[in-house]
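# Remarks on the overall topology
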Amino acid sequence: MLTRSMMARTTGRGRHSVARIASVGAVIVAGLMATDALAISTSSLDTFAATNEGWQIGGAGVQPTQVSGTGPDSQIGYLSHLSDGGGANGKWLMWNDQSRWQGNYTVAGVTGISLAANVSSGSSPVSMRIAFDGPGGWFSSSPVSVGGGWNTYSFSLTQADFSHVAAGRGTGTFTDTMANVTRFEVLSGAGAVGYRANGDIVQAGNSTNTILIDNITAVPEPSTTAMALAGLACGG
């Protein structure tokens, strides 16, 4: 039979155990949040409100330019980038190696990329792709047709929608790249996608275009979205 003092000691131990577990849990969650803040997540988003968000062509040439005008979402800021058919800007492409676009897309639950685009000058429509580099090498998506006027375009991150870019380095395995993405590229062009070792990029032929870009967004898997909505409903 438990005495009152024994029950008090047992209860005290239980409280200390719960407190200890909660403390450890808080440390783990904080660590995960810190890690997520430095890598791809379902909150990764470039709105170009003030800068070009690190999008570049590398080396010489005209870099993607932030424009302080009103974008398709009625918010200030979007990106303008050109290709002139020759030289450093001969091909329309831009890439990003900022930490928010790097890492394990699979674990992060990112199953798509969406972006707003508008061909503001030059031939239209254009064939636009996204591409990722990582341990598996470069993989390029199936093209989507992008024309004049702002519209939102979506790219699914399934293996069936991507092709390994020949002559690129890596294992040639899509899942290897998506488990540790090191560079994210958006490109346009009518030619076949090829790898260029000088600059470590992929490209799709010369073009003469100015294309506006806004709201590059990591799209979560449906189950993640459903869970978030359920949490909001419960909180309300």
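My aim in this report is to walk through the structure given alongside it, one point at a time. Just so we're clear, the structure is a prediction, and the values are computed from it rather than from any experiment.

For P143, the position within the fold is in the loop between strand 7 (139-141) and strand 8 (144-146). Separated by 17 residues in sequence, P143 and V126 have C-alpha atoms that sit 9.0 Å apart. Excluding its chain neighbours within four sequence positions, the residues that come into contact with P143 are S127, M128 and R129.

Moving on, we get to the environment of F184. Locating F184 in the fold gives a position in strand 11 (residues 183-188). Sequence separation between F184 and W55 is 129 residues, and the spatial gap between their C-alpha atoms is 9.4 Å. Leaving out residues up to four positions away in the same chain, F184 has contacts with W55, M94, W95, N96, W101, Y105, I113, I130, A131, F132 and I216.

Bringing the pattern of salt bridges into the picture now. Throughout the structure, instances matching the rule amount to four salt bridges. Across the salt bridge formed by R100 and E53, the nearest N and O atoms sit 3.8 Å from each other. Taken together, the residues span a long stretch of sequence, with R100 in the loop between strand 4 (92-96) and helix 2 (105-108) and E53 in the loop between strand 1 (45-46) and strand 2 (65-70) at a distance of 47 residues. Between D133 and R169 there is a salt bridge, and its shortest N-O distance comes to 2.7 Å.

By size, the foremost hydrophobic cluster in this structure holds 32 residues, and its most contacted members are Y105, M128, F132, F184, I213 and I216. When contributions to this core are tallied by element, the ones reaching two or more residues are strand 4, strand 5 (110-122), strand 6 (126-133), strand 9 (151-156), helix 3 (174-178), strand 11 and strand 14 (208-220). Sort the elements by how many residues they give to this core and strand 5 lands first, with five residues. If you look at the next biggest cluster of nonpolar residues, it comprises nine residues, including L93, A131, I201 and A204.

Calculation notes
- Residues numbered from 1 in each chain as written.
- Predicted model: local features only at pLDDT ≥ 70, side-chain atom pairs only at ≥ 80, totals over all residues.
- Heavy atoms only, no water.
- Helix = DSSP H or I, 4+ residues; strand = E, 2+ residues; numbered from the N terminus.
- Contact = heavy atoms within 4.5 Å.
- Salt bridge = Lys/Arg side-chain N within 4 Å of Asp/Glu carboxyl O.
- Core = buried A, V, L, I, M, F, W, Y, C linked by side-chain atoms within 4.5 Å.
- Buried < 20%, exposed > 50% of the residue type's maximum accessible area, 1.4 Å probe, protein only.

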